[in-house]
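If you want the building blocks of each chain, they are given just below.
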Amino acid sequence: QVQLVESGGGLVQPGGSLRLSCAASGSISSFRTMSWYRQAPGKERELVAAIFSGISGVSTDYADSVKGRFAISIDNAENALYLQMNSLKPEDTAVYYCKAISATMGRVMDYWGKGTLVTVSS
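This is a predicted model, so every value here is computed, not measured.

> Can you help me understand the state of the cysteines in this one?
Cysteine pairs can be linked by a disulfide, which is a covalent bond between their two sulfur atoms. This structure, assessed with the given rule, holds one disulfide. Across the disulfide, Cys22 is cross-linked to Cys98 (sulfur-sulfur distance 2.1 Å). Note on the Cys22 and Cys98 pair: the S-S dihedral is about -75 degrees, so by sign convention the disulfide is left-handed. With a gap of 76 residues between them, Cys22 in strand β3 (residues 18-24) and Cys98 in strand β9 (residues 94-104) connect regions that are remote in the sequence. A single burial state applies to Cys22 and to Cys98, both of which are buried.

Rendered as structure tokens:
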């Protein structure tokens, strides 16, 4: 059973930075796509950033609300997924989830972590 564990959340002041990490059982490089989602109280869960392999190499995608402030990356040597968050705003407050997608023998499987809380407040 694949397990994903997020870490790095906490309380930070507006304008501050945090780096979230996602550790997975097995090799992270074996997943087709890895991404970060977030969900604030009363709102739908939304995609924050994604990273995947395309025909021309590694590609990334970001929500408009975080472009220029967040960066998703994978460190194969450390077998970890990261989300660097800079210039944090109160509206970034949410539970952040790591998601992995695997595709084996035509079967697509989604895996989710339990989430880590990020609170941006003075």
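> Explain unusual backbone geometry to me, please; I cannot follow it from the model alone.
What you tend to see is this: most non-glycine residues have negative phi, and most peptide bonds are trans. With a phi close to 50 degrees, Ser87 is a non-glycine residue in the positive phi region. For Ser87, the position within the fold is in the loop between β8 (80-85) and β9. Residue Met105 is not a glycine yet carries a positive backbone phi of 55 degrees. Among the secondary structure elements, Met105 is positioned in the loop between β9 and β10 (107-112).

> Would you take a moment to explain the sheet that holds β8 for this structure?
The strands that make up a sheet are held in pairs by hydrogen bonds between backbone atoms, and each pair lies either parallel or antiparallel. Here four strands make up an open sheet; going across it, the order is β1-β3-β8-β7 and the pairing antiparallel. Sheet topology places β1 (4-7) and β7 (70-75) at the edges, where each strand pairs with a single neighbour. The sheet shows a mean angle of 15 degrees between the axes of neighbouring strands, taken without regard to direction. Two elements, β7 and β8, share six bridges in a ladder whose sense is antiparallel. By the bridge assignment for β8, Ile74 is matched with Leu81.

> I would appreciate a short explanation of the side chain of Glu6 in the present structure.
Relative to the elements of secondary structure, Glu6 occurs in strand β1. Arg45 provides the closest opposite charge to the buried, salt-bridge-free Glu6, at an N-O distance of 7.8 Å. Reaching out from Glu6, the side chain makes a polar contact with the backbone nitrogen of Cys98 at a distance of 2.8 Å. A polar atom in the side chain of Glu6 sits 2.9 Å from the backbone nitrogen of Gly115. Not counting the four nearest positions on each side in its chain, Glu6 is found in contact with Ser21, Cys22, Trp36, Tyr96, Tyr97, Cys98, Gly113, Lys114, Gly115 and Thr116.

> Would you mind going over the environment of Leu18 with me for this structure?
Looking at the secondary structure, you find Leu18 in strand β3. Spatially, the C-alpha atom of Leu18 lies 5.2 Å from that of Met85, the residues being 67 residues apart in sequence. Contacts of Leu18, omitting those with residues within four sequence positions, involve Gly8, Gly10, Val12, Leu83, Gln84, Met85, Leu88 and Val118.

What counts, and where the lines are drawn
Residues numbered from 1 in each chain as written. Predicted model: local features only at pLDDT ≥ 70, side-chain atom pairs only at ≥ 80, totals over all residues. Heavy atoms only, no water. Disulfide = S-S within 2.5 Å. Helix = DSSP H or I, 4+ residues; strand = E, 2+ residues; numbered from the N terminus. Buried < 20%, exposed > 50% of the residue type's maximum accessible area, 1.4 Å probe, protein only. Pairing = 2+ DSSP bridges. Axes fitted to C-alpha atoms, helices over the stretch in contact; angles between N-to-C directions. Lys, Arg positive; Asp, Glu negative; His and termini not counted. Salt bridge = Lys/Arg side-chain N within 4 Å of Asp/Glu carboxyl O. Polar contact = N/O pair within 3.5 Å; in protein donor to acceptor, adjacent residues only side chain to side chain. Contact = heavy atoms within 4.5 Å.

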